[in-house]
Amino acid sequence: MAGNAITHGIFAKAHVLPGVERAEDWEVHRAGMLASLEPADYLEIVLAERAADLSWKLQRFRRYETALLRFNQPECQQEVTRRLEGRAKHEGLVGYSSIASIEEDLELAQLQQASLEQLAQANTMLSNDVVQSWLGTLIEDEGLDRDRIPELVWKLRCTSDDHIPAAAVLQAAKVLAQVVGKPLPAMLGKARKAGKAREATLRKLKTWVHTEQQLLEPLQLLPRPDELPHLMRYEAHLSRLLFQTIREIEARQARRRGESTPLVRVDINSAPADGEAASLTREAADAAVTVAPRP
């Protein structure tokens, strides 16, 4: 009977969640379970069908657990962000809420130290956000108000392009140098010195962020403490029923072969207490002990 045709239609639909699972996957799973358990009569087929259903639900549980862990990942990132803000203030920096903000400011610090002439000759394209920060810092350092900002610089500050040619930035810097009456190298000297010091601090902060992410990464490997007891109980419940069902099939098949089977089969099942569940990993919450008759 293990080779019985796979059921279709309403019987398959009863085990499949529409839009989440596929009926053909259930049918392959069911056929594999029946082939493995080799039921030989009606009761064994019923038990084998039950085992297929329980093991299908366990597979579903695994997918749910994985999705839950992925859903909880942002909480870990939020914790890193919270710590980053405090660490940045400790380093004398403000406005850092993510690794992206550090990367952007690192690019700014590198631009402050770079040779605009070399960047222009290499036809380098610079991020608009970084250029705007660079120009803003330069204007602030020179104490220029709105009326003294040249039109060319103002247009550059108002552009909506994602990237700006380094040649355009160099031209804007030259115009600003003329306005403040300084040679270009002298005007950029303060920014270059500040960029060098800021880059060192930012790299230190970036290293700290990576370290924190590695330290907090294990928090993403298990569900939250308030979720873990419920998950473990549900998994233990399904596992207990599955193994009991399989053992009953095996006992019936052994009796049919004329083999002796235990008259007493004791299942000892226990689930962890709520307070203990948070410290447990993925231990199975059920154990089965078979008491064999004395010869």
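Because the structure is a prediction, the values reported are computed rather than measured. (Residues numbered from 1 in each chain as written. Predicted model: local features only at pLDDT ≥ 70, side-chain atom pairs only at ≥ 80, totals over all residues. Heavy atoms only, no water.)

*Asks:* Would you mind going over empty space enclosed by the protein in detail, with residue names and values included?
*Replies:* Over the atoms a probe the size of a water molecule is rolled, and this reveals where empty space is left. Applying the stated criterion across every chain, the model contains one cavity of 30 Å³ or more. Only α4 (99-113) and α9 (184-216) provide two or more residues apiece to the lining of the largest cavity. Per-element accounting of the lining of the largest cavity gives the leading share, three residues, to α9. Considered class by class, the residues forming the lining of the largest cavity number six nonpolar, one polar and one charged. (1 Å grid on protein atoms, 1.4 Å probe; cavity = no way out; pocket = protein on both sides within 12 Å on 5 of 7 lines; lining within 4 Å. Points joined across faces, edges and corners; volume = space filled by probe spheres on them. Helix = DSSP H or I, 4+ residues; strand = E, 2+ residues; numbered from the N terminus. Nonpolar A, V, L, I, M, F, W, Y, C, P; charged D, E, K, R; others polar.)

*Asks:* How would you sum up the pattern of salt bridges? Please name residues and give values.
*Replies:* All chains considered together, the criterion is met by 19 salt bridges. Measuring nitrogen to oxygen at the nearest pair gives 2.9 Å for the salt bridge that ties Arg83 to Glu212. With a gap of 129 residues between them, Arg83 in helix α3 (residues 42-90) and Glu212 in helix α9 connect regions that are remote in the sequence. Owing to a relative accessible area of 9%, Glu212 belongs among the buried residues under this scheme. In this structure, Arg224 engages Asp226 in a salt bridge whose closest nitrogen and oxygen atoms are separated by 3.3 Å. Residue Arg224 is classed as partly exposed on the basis of its relative accessible area of 27%. Salt bridges here are not isolated pairs; linked through shared partners, they connect Asp41, Glu44, Arg252 and Arg256. (Salt bridge = Lys/Arg side-chain N within 4 Å of Asp/Glu carboxyl O. Buried < 20%, exposed > 50% of the residue type's maximum accessible area, 1.4 Å probe, protein only.)

*Asks:* An account of the packing of aromatic side chains is needed here, citing residue identities and associated values.
*Replies:* In this structure the tally under the stated criterion is two aromatic pairs. Taking 5.5 Å as the distance between ring centres and 75° as the angle between the ring planes, the aromatic pair formed by Trp26 and Trp56 counts as edge-to-face. In this pair, Trp26 is assigned in helix α2 (residues 23-37) and Trp56 in helix α3, connecting sequence segments 30 residues apart. Look at Trp56 and you get buried, because its relative accessible area is 4%. Taking 5.9 Å as the distance between ring centres and 50° as the angle between the ring planes, the aromatic pair formed by Phe61 and Tyr234 counts as tilted. (Phe/Tyr/Trp six-rings, centres within 6.5 Å; stacked < 30°, edge-to-face > 60°.)

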